[in-house]
Structure formats: structure tokens, C-alpha cells
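Residue-level structural notes
Letter by letter, the chains look like this.
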Amino acid sequence: MIQIIPAIDIIGGRCVRLCQGDYGKVKTYDASPVDMARAFEDCGVRRLHLVDLDGAKASDTVNIRTLEAIASSTSMELEWGGGISSDRALQDIFNAGATSGIIGSLAIRQAEVFKRWLSGFGPKKIILGADVRGRSVAIHGWTQVSGMDISELIDSFLPDGLKEVICTDISRDGMLQGPNTELYTDLKEKYPQLIFTVSGGISSMSDIEALEAAGLQRVIAGKAIYENRITLKEIEKWSLRG
């Protein structure tokens with residue numbers, strides 16, 4: 001069964017969503033990140049996707065207090081991304097309660113550091129975050145396109161034990177137009193040994209059902225939840241299946 005992983009994107013300690021990774025198109029929601037995390041856990045959610053958007057832009061961890069508050073208030077697995085650009089920042093998020101770190105820009109700019117982290121912390125704690133426009137990987141909070149193909153990026157880390165990849169299609173993120181299923185099924189067929197998390201475009205439970213039918217293991221849902229296109233009751237019902 002595909003695992004639904006709700007997303008909490010954070011700017012200034014508050015829940016937000018962007019459209020297509022554009023910091024100029026921010027929608028802020030009233031619920032606090034901690035309250036949302038508790039609500040998700042009450043629905044049977046076991047894993048939460050947290051993104052420090054301030055951190056992604058600043059290339060450093062910014063909303064670490066929010067992570068600490070969520071970790072102390074819930075028992076879910078917490079995957080945290082955004083601004084992890086140094087040994088200190090990575091250790092900070094683990095000390096604050098993250099169970100895994102999502103590494104994006106650094107994996108491209110400092111590949112040897114990412115490889116060292118994979119080796120030192122293990123592939124369950126270090127997740128490759130690949131944000132793409134088309135198939136080209138974007139970096140620095142989605143504001144720059146690197147020109148590197150997603151497959152080229154993955155291939156470079158397979159010998160180092162890479163196991164988990166979160167792939168976000170920025171062109172669909174926050175647009176509620178459905179995921180790029182073709183991209184994810186292509187990646188899954190090419191790399192059956194990896195766990196791929198689908199991110200970007202999820203608009204309804206039918207999207208999630210289609211991804212499950214395609215054999216994907218995990219999916220992140222964000223704006224569809226906040227816009228009530230996927231309800232907490234639906235998430236609870238889905239969680240009970242597992």
C-alpha cells in the first residue's frame with residue numbers, strides 16, 4: 001500500500017504553500033505546524049514531511065524551533081528538508097528530533113559531502129531530495145535550474161548506498177493538477193531498488209490510488225489537504241488499511 005505523507009511547509013514558523021516553487025506566490029494557513037502535526041498523527045499518519053522554506057532560501061536551518069516543537073509533541077517519523085548545508089546543520093536537525101534529513105542543493109554542489117553523510121549516517125537517515133523542472137534538477141530553494149538530469153544525479157550516488165529519493169515536480173507543485181505519473185513510473189522502472197516518494201500536483205485521493213496502482217511506495221500530499229480536497233477522514237481511512 002502506498003504511504004501518504006502529509007507535508008508541512010514552513011515560513012516564519014507558519015504553515016504555507018507555494019505555487020510552482022515561487023516564493024512570490026505564498027499562501028499562509030491559519031493552523032500552526034504543531035497543531036497540524038498533531039491532527040495528522042490523530043489520523044494514523046506515521047511519517048511527516050517538513051520543509052523549512054526559509055532555510056532553503058537562506059542555505060541554512062531557520063525554523064529549527066518548529067521542528068523541536070513538533071518532535072516533542074508527536075511520535076511520528078519526521079523527514080526534514082531545507083537549508084541543510086553543513087555538518088552542523090545536519091546534526092542540528094537530528095538533535096531537534098528529525099528522523100531523516102532531505103538533502104537537495106548540497107548533493108549537487110558538494111557531492112562528496114553528501115556521499116560522506118550517506119556513509120556516516122546511513123541511507124535511512126539521508127534522503128536525496130530531487131526537485132525537478134521537466135527532468136532538470138533545481139537547486140537553492142527551487143530558484144535555480146542546475147541543468148543536471150534526475151537520472152544523472154541518482155546514478156552518481158548509487159555506489160554510495162543511496163536508498164531513498166523524494167522527487168518533486170516543481171511545475172506541478174501546489175497547482176492541484178495531478179502528479180507527473182509518467183516521470184515517477186519511469187524512475188521506478190529504472191531504479192527498482194530505490195524507494196521513491198512522489199511529490200507535486202496531488203489533487204485528490206484518486207491521484208493517490210493511481211500512483212498506488214503504478215507501484216509507487218510513498219506520496220506527499222500538501223495543498224490538497226489544506227484546501228480540503230483530501231480530508232483528514234480520508235487520510236484516516238487510508239491509514240487504517242495498513
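The structure contained in this document is the topic of the report that follows. Everything numeric here is computed off the predicted structure, so don't read it as measured data.

Moving on: the overall build of the protein. Across its full length, the protein holds eleven helices and twelve strands. Taken against the 2.2 N^0.38 rule, which gives 18 Å for 242 residues, the C-alpha radius of gyration of the protein at 16 Å falls within 12% of a compact globule. Expressed along its principal axes, the backbone C-alpha trace of the protein runs to roughly 45 × 40 × 35 Å. Taking all 242 residues of the protein together, 54% fall into the buried category. Element-wise, carbon and sulfur atoms account for 47% of the exposed surface of the protein, whose accessible area totals about 9900 Å². One way to put it: in the protein the 27 positive side-chain charges average out to a point 1 Å from where the 32 negative ones average out.

This next bit is on the packing of helix 9 (residues 205-213) against helix 11 (residues 232-241). In the contact formed by helix 9 and helix 11, the axes pass within 12 Å of each other and the chain directions differ by 25 degrees. It follows from the interaxial angle that helix 9 and helix 11 lie roughly parallel. Crossing hand, helix 9 versus helix 11: right-handed. Contact with helix 9, carried on its side by Met-205, Ile-208, Glu-209 and Glu-212, involves Glu-234, Trp-238 and Arg-241 of helix 11 and no other residues of that element.

On to the environment of Ala-58. As for its placement among the helices and strands, Ala-58 is situated in helix 2 (residues 53-58). On a C-alpha basis, the gap between Ala-58 and Gly-82 in space is 8.8 Å, while along the polypeptide they are 24 residues apart.

Right, let's talk about the pairing of strand 12 (residues 218-221) for a bit. The alternating pattern of strand 12 places Arg-218 and Ile-220 and Val-219 and Ala-221 on opposite faces, both of which are buried. Across four bridges, the pairing between strand 1 (residues 3-11) and strand 12 is parallel. Its bridge partner lying in strand 12, Pro-6 is registered against Ala-221. When strand 11 (residues 195-199) meets strand 12, the two strands line up parallel, connected through three bridges. Following the sheet pairing, Ser-199 is matched in strand 12 by Ile-220. Assessed by its sense of winding, the connection that carries the chain from strand 11 through helix 9 to strand 12 is right-handed.

Calculation rules
Residues numbered from 1 in each chain as written. Predicted model: local features only at pLDDT ≥ 70, side-chain atom pairs only at ≥ 80, totals over all residues. Heavy atoms only, no water. Helix = DSSP H or I, 4+ residues; strand = E, 2+ residues; numbered from the N terminus. Rg over C-alpha atoms; globule rule 2.2 N^0.38 Å. Buried < 20%, exposed > 50% of the residue type's maximum accessible area, 1.4 Å probe, protein only. Areas by Shrake-Rupley, 256 points an atom, 1.4 Å probe, with all protein chains shown as cover. Lys, Arg positive; Asp, Glu negative; His and termini not counted. Charge placed at Lys NZ, Arg CZ, Asp CG, Glu CD. Axes fitted to C-alpha atoms, helices over the stretch in contact; angles between N-to-C directions. Parallel < 35°, antiparallel > 145°, perpendicular 65-115°, else oblique. Left-handed = near helix turned anticlockwise from the far one by under 90°. Contact = heavy atoms within 4.5 Å. Pairing = 2+ DSSP bridges. Right-handed = clockwise from strand over helix to strand, strands pointing away.

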